[in-house]
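Inside the fold
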Amino acid sequence: MAEIIDGKQLAKDIRAKVTDRVADIKEQYGKVPHLVVILVGDNPASQSYVKRKKRDCERAGMKSTIIHKDTDITEKELIDLVQRLNDDNDVHGLLVQLPLPDHINENIVINTIRKDKDVDGFHPLNIAAIHTGEHGIVPATPKGVMTMLKSAGIDLVGQEAFVIGCSNIAGKPIAMLLLEEKATVTIAHSKTRDLKKHAKEADIIVAAAGVPNLVTPDMVKEGVVVIDVGINRVEGKLIGDVDFEGLKDKASYIPPVPGGVGPMTIASLLENTLECFEILEGKR
Ligand code: NAD
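The structure reproduced in this document is the subject of the present report. Quantities reported herein were computed from a predicted structural model and do not represent experimental measurements.

What about the pairing of strand β6 (residues 184-188)?
- Bridge analysis of strand β5 (residues 160-164) against β6 gives five bridges, and the strand direction is parallel. If you follow I164 over to β6, its bridge partner there is A188.
- Note that the unit made of β5, helix α7 (residues 171-180) and β6 has a crossover that is right-handed.

Details of the site of the ligand
- In the vicinity of the ligand there are 22 residues, among which C166, S167, S190, I231 and T265 approach most closely.
- S190 has a polar backbone atom sitting 2.9 Å from an oxygen atom of the ligand.
- Look at the ligand: alone it shows 860 Å² of surface, and the protein chains cover 70% of it.
- In terms of residue count, the dominant contributor to the shell around the ligand is helix α10 (residues 261-283) (three residues).
- Among the residues making up the shell around the ligand, the classes are represented as twelve nonpolar, ten polar and no charged.

Examining the sheet that holds strand β3 (residues 63-69)
- Pairing is parallel in the open sheet, where three strands are placed in the order β3-β2-β4. The two strands at the open ends of the sheet, each matched to only one other strand, are β3 and β4 (93-96). In this sheet, neighbouring strand axes are inclined to one another by 15° on average, regardless of whether the strands run parallel or antiparallel.
- As paired elements, strand β2 (residues 34-40) and β4 share four bridges and run parallel to each other. The residue of β4 that forms the bridge with L35 is G93.
- The sheet strands contacting helix α3 (residues 75-87) are β2, β3 and β4, and the helix crosses β2 at an angle near 175°.

Overview of a negative patch on the surface
- Where like charges cluster on the molecular surface, the negative patch consists of D42, D70, D72 and E77.
- By secondary structure assignment, the location of D72 is in the loop between β3 and α3.

Here's the deal with the nonpolar core
- With 52 residues, the main nonpolar core has L149, L178 and V206 as its most contacted residues.
- Looking at which element gives the most residues to this core, the answer is α10, with eight residues.
- When residues of this core are assigned to domains, at least three map to each of domain 1 (29-116) and domain 2 (140-263).
- The contacts of L178, once residues within four sequence positions are left out, are M146, L149, L156, A161, V163, A183, V185 and V206.

Focus: unusual backbone geometry
- Here the residue pair L98 and P99 is connected by a cis peptide bond, since its omega of 0° sits within 30 degrees of zero.
- Topologically, P99 is positioned in the loop between β4 and α4 (106-112).
- Going from V257 to P258, the amide bond is cis rather than trans, its omega being 0°.
- Within the secondary structure, P258 is located in the loop between β11 (253-254) and α10.
- Look at E235: it is not a glycine, yet its phi comes out positive at around 50°.
- Secondary-structure assignment places E235 in the loop between β9 (232-234) and β10 (237-239).

Cut-offs applied
Position numbers for residues start from 1 in each chain and track the written sequence from start to end. Since the coordinates come from a predicted model, pLDDT governs what is reported: local features require at least 70, and pairs of side-chain atoms require 80 or more to be given and counted, while whole-chain, interface and lining totals use all residues. Calculated side-chain values reflect all of the structure's heavy atoms, with hydrogen atoms and water omitted. Pairing between strands is defined by DSSP: at least two bridges between them are needed. Note on conventions: DSSP H or I runs of at least 4 residues are helices, E runs of at least 2 residues are strands, and numbering of each starts at the N terminus. Seen with its strands pointing away from the viewer, a crossover is right-handed if its path from the first strand over the helix to the second goes clockwise. Near is defined per residue: the residue qualifies when any heavy atom it owns lies within 4 Å of the molecule or strand. As used in this structure description, the phrase polar contact means that two N or O atoms lie within 3.5 Å; if the pair is within protein, one of them must be able to donate a hydrogen and the other to accept it, and residues adjacent in sequence are counted only when both atoms belong to side chains. All accessibility values rest on the Shrake-Rupley procedure with a 1.4 Å probe; residue burial counts only the protein chains present in the view. When residue character is reported, Ala, Val, Leu, Ile, Met, Phe, Trp, Tyr, Cys and Pro are called nonpolar, Asp, Glu, Lys and Arg charged, and the others, Gly included, polar. Each axis is a line fitted through C-alpha atoms, taken for helices only over the stretch in contact, and angles between the N-to-C directions span 0 to 180 degrees. Contact criterion: two residues are considered in contact whenever any of their non-hydrogen atoms come within 4.5 Å of each other. Only residues above 30% relative accessible area that lack a salt bridge enter a patch, with like-charged residues linked at up to 9 Å and the nonpolar side chains Val, Leu, Ile, Met, Phe, Trp and Tyr linked at up to 5 Å. Basic side-chain nitrogens of Lys or Arg form a salt bridge, by our definition, when they fall within 4 Å of a carboxyl oxygen of Asp or Glu. Here Asp and Glu are counted as negative and Lys and Arg as positive; His is not counted, and neither are the chain ends. Charged side chains are reduced to one point each, which is NZ for Lys, CZ for Arg, CG for Asp and CD for Glu. In plain words, nonpolar cores are sets of buried Ala, Val, Leu, Ile, Met, Phe, Trp, Tyr and Cys residues tied together by side-chain atoms within 4.5 Å. Partly exposed describes any residue whose relative accessible area lies between the buried limit of under 20% and the exposed limit of over 50%, with all areas from a 1.4 Å probe on protein chains only and scaled to the type maximum. Per the annotation, domain bounds derive from an automatic or database assignment of domains.

Written out as structure tokens, the structure reads:
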């Protein structure tokens, strides 16, 4: 029977630590970390994500501002806005909610965000830092996954880790962070020929494909550690990439979906906002 990694509780503990640190900062500096979120357009999912980010920042005692722009904002106008916020000493964390409308090049916008305000960790210099093992801002979901593994006391050294999915925001950085911890990492994607063959050999599986119930009990060995990043809405219910019910008797550790990586992502974003504040104030 697997030990359930309770992402909700773990995230609550992180939020409590962040809240304490923010209270100390307020005393020390007379101000609190400020996260600005730029939202373009009326995508309902994006609107609810940014509201949640603002709410969680404020609950931790931080300041948060949503700047909402119409879909017809030009790329140049958006870049000018990012640059103004880069230069604003009252702003410590800055993120542009993705996706952006088709007429705006997301990469150009993300690359404009100042590296040490980039709470999402998507700036190429922060991505590069993961690859070189330097200290940068680690994207929230991969950071949350690593925190979960560490909090469960899982020794990654020499372990066979199998990451399913290789997107820039989830699979690739997760794979690099596991490599950094000296795991032996295999990465799969939609063209991988034999998922089961790799899954069977894995001590740790991180599923981040966005395919409901992709990982099933017949694919894994007894005692495997499984982290499910996937969030899929099926018949009105949220489910992960892993058959949780089938695997909870075979795995040694597994988080549920919802209540696993999701809450950890938000908690990690708060940690990143705090980190950006500390980097910026340390420099000024
Ligand atoms: P994406 O679509 O950008 O990437 C999916 C990746 O999975 C691609 O590399 C693709 O090649 C691979 N893939 C697709 N089908 C596959 C298959 N059958 N076998 C092997 N690989 C396959 O998605 P993403 O943004 O990386 O998100 C992945 C999942 O994680 C989604 O369900 C998303 O909702 C979820 N997600 C959750 C959080 C969170 O906070 N929990 C954060 C980010 C993403």
